[in-house]
Each structure stands twice: as C-alpha cells, then as structure tokens.
Amino acid sequence: MAAMAAVALSACCCVRGEKKSLDAQVEDILSQMTLEEKIAIIHAQSKFSSAGVPRLGIPELWTDDGPHGVRPDVLWDQWNSAGNTNDSCTAFPALTCLAATFDRELSSLYGVSVGEEARYRKKNVLLGPGVNIYRTPLGGRNFEYMGEDPYLASRMCVNYIKGVQSNGVATCVKHFCLNNQEFNRHTVNVKVDDRTLYEIYLPAFKAAVTEGGSWSIMGAYNLYDGTHLCHNSRILNDILKKEWNYDGVVISDWGGVSDTEGAVKGGLDLEFGTWTDGLTMGATNSYDRYWMANPYLEKIRSGEYGTDELDDKCRRVLKLMLRTSLYDNGGPGRFTCPEHYAAARRIGAEGIVLLKNEGGLLPIAADAAKIVVLGENAIKPMTVGGGSSSLKVQKEVSILEGIRNAFPNAEVIYERAYQGSTKGGYDNYGAYDITDERSAETLVADALKACEGADYVIFAGGLNKDWMQDAEGTDRVDYNLPYGQNEVIEALAAVRSDLVVVNVSGNAVAMPWADRVGAIIQDWYLGSEAGNSLADVLSGAVCPSGKLPFTIPVALEDGPLKTPEQYPGVKGEDGIWQEEYSEGIYVGYRWYEKTGVKPRFAFGYGLSYTSFAIGEPKLSSKVLRDKLTVTVPVENTGDVRGAEVVQLYIGADNSVVDRPVKELKGFEKVWLNPGEKSSVSFTIDRQAVSFFDTEIHDWNAEAGDYTIYIGSSSDDISSTARFSL
Ligand code: GLC
C-alpha cells in the first residue's frame, strides 16, 4: 500500500526529473482522488487537524494557534492541552508591540522565528497574524492586532507572513473581516459602507494575501450585511477570490460555520471547530457530521449539488498541502533556541513606547543603589491566558526579574501596592497563584513605606489577560485601569513626583494621573523576555524607539463611538446584534484630527533618550504622474544612539469627497549614532493619494493638490511639502 501511495504521489510531483508546477501537481492528485477523499480533506478530523489522503501518501494537515507563539498540543478532540512535555515554547511579543516598532525588518525576524518554532513542532498552518483594525480601546483582542491604521497594519503584516512561510508553514491571516470587538462576536452583524470597508477594514487583509501571499485566511465569526463571514459570498468569493485573485484556503474560525449551503456556496474551503449540527449538539468526534462532511456528501450523491465547488475547495487545500505538509525544503525549524529569545527580547525592547520622561528621569543610572518596583504586573505571568493566543512557555522573565537582572548591584525591593487578579492559568497549564493576604490599605501603606530613600520607584500596572481585560471572547467595560490602580498611582505620586508608571496592556487606558508622575512607559505583552526587554529600556541598554500604533484618548467619550448602535450594537428580536460603523473612515487619529479633540497621546507618538532633527523633504517632482520620491534628512542631535521613525502623511487639499486631514502613507525607522546624519526616502504612487470611490467601485486618484506632512508623530509634524496630481 505504501509503495503504491509513494508511486501515486511521486507521479504527481516530478516527471522526467523536472518539477511539475504546483497547479499541475494539484491536478494530478485531484484526478486520483475519490469523492469521499475529496470530502475528507475539506473539514476537520480533530480539534486542530484535517485529513490527508492516506491512500496516496498525503499526510494530514496540522494547524495550531497562535500569532505570538505555538500553542501547546491539545488532545485529539479537546480544548484542554494534552499535557505533553515537549511543547513549552518561546513566547514572542504580542503583535501590537511588533506594530509599535514600525520596523519592517523586525517583522521578518519575528515571522522567521515563530515560523521555525511551528515547523519544529510539525505544524503546517500557524493561525495568525491577526490584523483587525483597532476600532475601540475596549476591544478584547486588540493586543493581538496591529493598531488603528490600515497602512501600518498592512506594512507590518507582510514580512511577518513571508517570514513564517519561508519555513514551509502557512500563515492564516485573521479574522477576515470586521471582527473588531469580542462582545457578541458570534452574533454581531456589522453594517458598514463600501468606502469605509475598502479604505479601513480590508487593506491589511489585502496586503496579507496579495503582498504577503498568506496561504490561508480565517473567516470571522461575526456577520456582515446579514451573513456570517465564513459563508459570506461577497467577502469571500467576490472580493477575496475574484477581486484579489486569491488561490489560498479560507479556513473557518472554530465554530464559525452554521450551514452546508452557506459554506459550500459562500466561499469557505476548510471547516474547523464546528460543534456539530450533529443533530445532537456537542456530540464529540462527530467530524463526519460537519456541515461540509456527510451532509455535503449526501447532497452531491443525491445530485442536488455538482462537484465544481468541491473540486475548487480541494484544489486550494491540496495546494496548501504541497506548500506545507508535502514541502520538504522548509528545514527542521528551531524551538526555544537562543536566537528566538534574542529576537523576542529585541522586538520587545524596540516596541516599547516612552510616553513621558520628565527632566530625563530615565534611563535609570547604572549606579542606582535602591530601586523600588511596585505593582501586580511586575510579577504576574502574562504569556498564559487571554484566549487562543495563550502559551505554555519554557520561560517568562517578569518585570521584577528583568530589573534585578539589569541592576545586580542595586537593592531592588518589591511591593505589591495593589492586588487585582491573583490566580491564572489556561486549560490545564500555566496555573499560578500570587495571592497576597494583606488588605488593599496595607498594600498601599507598605508600598509607600518602601519608597522611602529609593533612587527610583517603578510602578508596573495596567491590564492583564483576564476576562473583561485584554482577552478573547470579551471586551473591556471600562476605559479606566482596574483594581483601583488610579488611586494607588495618585497616592504614590503624591510622595514621589518622579514615579515611573509602566502600563502593561494591549490597549489604551485612561491616565488621569499623567501630569503628576515623572515618566510613563507603554509596555506590551512581551512574552518570554518581557522583563529583560523592559529593563533594557529602563537601563538605557536599548534606547526607546517605539511609536504608538493607536491613539490614547483622554476619555473614551472623546472617541468616534457615541451610540450603542455604533458599539457594541443593539440586539434585535432575532438575537442578532445590529451594529453600524457610522463613524465611517474616521477611526483613530482620523477622528481626533477631524474633530480637533486632543488625545492624551497621539498615534505615532513615542519619545527617545536622544533627540532628532528631521529636515525639509525633497521631492523628485512637484507633479505626481506614476511615482515620486520624497527624501528627508534626519540627524541624531543628542548624545546617545537611538532610532527615529520618520512618518509621512498625505492630505488632499481639495477633494470631491470628505477626507481625513491626513493619512499615514509612509514610515521609515533609522538608527543613528550621536551626531550622525542620514536620510530616509519614500515612494509616493497614485494609490497613496487615492480614495475608494464607490461610484466606480474602484480607487480614485483624483487630480488636485496634496500636502505631504513629515514628522515624528501624527501630532508632531516638522515639515510639509506640496505636490499635485
Ligand atoms: C478561536 C479564535 C481564533 C483561533 C481559533 C482556534 O475562537 O477566534 O483566533 O485561531 O478559535 O483556537
């Protein structure tokens, strides 16, 4: 049997020594498959795997979460982990941190590294990256995504995807599309106009599949225009497969499929996670009852359905297999190796955003004698929890440990200061209990006492991976920090105006104390090297260079979502929540610049330990025909090495439609030594000035005058230039 299988498989790959094209190989295999075998490969056979074609020697296909590291193996048909001892991985920083680096090269490093871990663990499809746009600071999964701007998310996902796939592991860019909240994610129906859809919510997915070449894409749970995304023919067939000419596989989110007709005709290719229609909901191991299993087979056998859609799905799945499980040039991969920890540490340090640094308070002096570290997030494990991106790690360096590592000669004292979420874990791994018996009052009193005589006081607070915080399946219900942290910070700031506040989160939070503390750092979920990445910045070993990938408003009410209809939606009689994206394209800084409401910290903002001078832009032409280049000089005018992210925005001076003041259309990060001068250049094309014109259902680069804004933040523009089209 094996010999026959080998013959069958080899026949499809090479004839007379030359490599058949992927399509030709697909046709060869498809022509040998039975109807039952075709049905078998388009739906799951276990929690995270789908069938191969054993008779032809084609192995099964293994998927696994997640975007920040490879999830521990689960039992065949369970969510609980299998309790293996060989799957404790490297946890890389959450992707919002990667976005905050504004560094395409780090995206490559990240993708190659996490792809090696997936390859080593014999996973064919890594279920990430997530690129849904950050629409509200309450969004539970924003920590997994790449911020509020479609251009930033588009640029930063491409190299991650290429990096992962260079290992022969597919990415599965998710959650396609309009899954911008967790609240009622299975039943919220998003209504959005086409211009907003094409300008804000599709670009990152389009870049992922047309530039990143993502070999698979995950349909979202929610509905758009009344149809679930896993069956949404307009999104999956008309836009993804026709307009974008996609040849990859649409994989459902786990449990995102709810009927055979929709799945078969609506553009789905591979069904996962269905908790069966089963006729007995919840029947385990009933993969044959999946919507695209026996129910589909019977409709074909009865003649109700043809096999055109089936063959198309199979072609896509077989191509995915040839690119991954049948691809033998991907190497063995690597797992928890020093290079991966170094990558995680570097990406973390270069994504951290310094928001405030009164009087050059930071970095911490090397000879600091007493450093007090406060707050629950200095010791709380963060790689575990938060939903499907939860990881079982080989190690996780806490903030406290990281600071102790960086300052071995200092007395580093820890005090809890507040207690919020004392226990954690996920499935059946990573359980911890950091309960402190003291009362809230005692915790604060002890923290205040510890501050006496300290050279530095670092408060590490923020959010965490609990429900109603930064976690899948729920949104936050309050823009404020939880657990009374604001009061604790105020109490500490009253005695230490040089308090350093480290906000560990994947989302913006209210910072009413911002004017009363010495420094503020936006720290992210940084994974295995979290404490070392932060300590690298606190010590100055790495000069902070991150920029905010989202706006931090003073108050939630300053944002664009004013009505329940806009968020979280209004429940209809049919149990479906109707939601209107009536703010349209005015998401994030687009909104704040339109309304003139000043945020606490703006999109693209981030300080350094050095300073930079960004010079006047030079344009290759004042008229844009096909392309023009913009060159900008940059100088490090300070006394330490650092990096600046030069940002280029474009605004239409006169337009037939309402347009944002300006939109990000370029960013370049450049590391410079003290006194060093360099320049960065951008290429502007017609797409960069276009808006999506629903009259012609296409991008419209309208003639007119445009302004280029150059700066180090969306609200710190150092120069402008004009050109016309
Ligand atoms: C979850 C998530 C998705 C994940 C999948 C498998 O519900 O929405 O991101 O990849 O199911 O765990």
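Observations concerning the overall build of the protein chain
Next up, step 1: Tallying secondary structure elements over the protein chain gives 18 helices and 31 strands in all.
Next up, step 2: Counting only C-alpha atoms and orienting by the principal axes, one finds that the protein chain spans roughly 80 × 65 × 60 Å.
Next up, step 3: Taking contacts inside the protein chain between residues at least 6 apart in sequence as the whole, the part at least 24 apart equals 75%.
Next up, step 4: Summing over all exposed atoms, the protein chain offers an accessible surface of approximately 25,100 Å²; the carbon and sulfur share of this is 51%.

What about the sheet that holds strand E7 (residues 188-191)?
Next up, step 1: With mixed pairing, 5 strands are arranged side by side in an open sheet as E10-E9-E7-E21-E20. The sheet terminates laterally at strand E10 (227-228) and strand E20 (570-571), the two strands that pair on one side only.
Next up, step 2: Across 2 bridges, E7 lies against strand E9 (residues 223-224) in parallel orientation. Across the sheet, valine 190 pairs through a bridge with tyrosine 224, a residue of E9.

Points about the pairing of E7
Next up, step 1: Here 4 bridges tie E7 to strand E21 (residues 577-580), and the two strands are oriented parallel to one another. Looking at E21, one finds that asparagine 189 is bridged to glutamine 578.

Examining the site of the ligand
Next up, step 1: Around the ligand sit 15 residues, and of these Asp65, Arg141, His175, Tyr221 and Asp253 come closest.
Next up, step 2: Residue lysine 174 places a side-chain N or O atom 2.9 Å away from an oxygen atom belonging to the ligand.
Next up, step 3: The separation between an oxygen atom of the ligand and a polar side-chain atom of aspartate 253 is 2.7 Å.
Next up, step 4: Contact with the protein chains covers 97% of the free accessible surface of the ligand, which is 310 Å².
Next up, step 5: Residue classes in the shell around the ligand are distributed as 6 nonpolar, 2 polar and 7 charged.

As for the pairing of strand E25 (residues 642-652)
Next up, step 1: Within E25, 10 of the 11 residues are buried, which leaves the element mostly enclosed by the surrounding structure.
Next up, step 2: Two strands pair when backbone bridges link them, and E25 and strand E30 (residues 705-713) are joined in this way by 6 bridges, in the antiparallel orientation. Note that in E30 the partner of glycine 651 across the bridge is threonine 707.

Observations regarding the packing of helix H6 (residues 150-165) against helix H8 (residues 203-210)
Next up, step 1: At a minimum axis distance of 8 Å, the contact between H6 and H8 shows a crossing angle of 25°. The angle between H6 and H8 places the two elements in the roughly parallel class. The handedness of the crossing between H6 and H8 comes out as right-handed. Contact residues: H6 offers Pro150, Ala153, Ser154, Arg155, Cys157, Val158 and Ile161, while H8 offers Pro203, Ala204, Ala207 and Ala208.
Next up, step 2: Looking at the contact of H6 with H8 residue by residue, the class counts come to 9 nonpolar, 1 polar and 1 charged.

Cut-offs applied
Throughout this document, residue positions are counted from 1 along each chain, in the order its sequence is written. Where totals are concerned, whole chains, interfaces and linings use all residues; where local detail is concerned, this predicted model gives features only for residues with pLDDT of at least 70, and gives and counts side-chain atom pairs only at 80 or more. For side-chain calculations, the full set of non-hydrogen atoms in the structure is used, while hydrogens and water are omitted. Strands here are runs of E lasting at least two residues and helices are runs of H or I lasting at least four, both read from the DSSP assignment and numbered beginning at the N terminus. Pairs of residues are marked as contacts when any of their non-hydrogen atoms sit within 4.5 Å. Computed with the Shrake-Rupley method and a 1.4 Å probe, the accessible areas treat only the protein chains shown as cover for residues. In this scheme, strands are said to pair when DSSP sees at least two bridges between them. What makes a residue near a molecule or strand is one non-hydrogen atom of that residue sitting within 4 Å of it. Here a polar contact means two N or O atoms within 3.5 Å. Within protein one must be a hydrogen donor candidate and the other an acceptor candidate, and residues neighboring in sequence count only if both atoms are side-chain atoms. Note that Gly is not counted as nonpolar here; it falls among the polar residues with everything else outside the nonpolar set of Ala, Val, Leu, Ile, Met, Phe, Trp, Tyr, Cys and Pro and the charged set of Asp, Glu, Lys and Arg. Categorising residues by exposure relies on relative accessible area from a 1.4 Å probe, with only protein chains included: less than 20% of the type maximum marks a residue as buried, more than 50% marks it as exposed, and the intermediate range marks it as partly exposed. Lines fitted to C-alpha atoms define the axes here, with helix axes fitted over just the stretch in contact, and angles between the N-to-C directions of these axes take values from 0 to 180 degrees. Roughly parallel here means an angle under 35 degrees, roughly antiparallel means over 145, roughly perpendicular means 65 to 115, and every remaining angle is called oblique. With the far helix as reference, a near helix turned anticlockwise by less than a right angle produces a left-handed crossing, and one turned clockwise produces a right-handed crossing.

Everything listed here is a matter of coordinates, which is why it stays silent on function.
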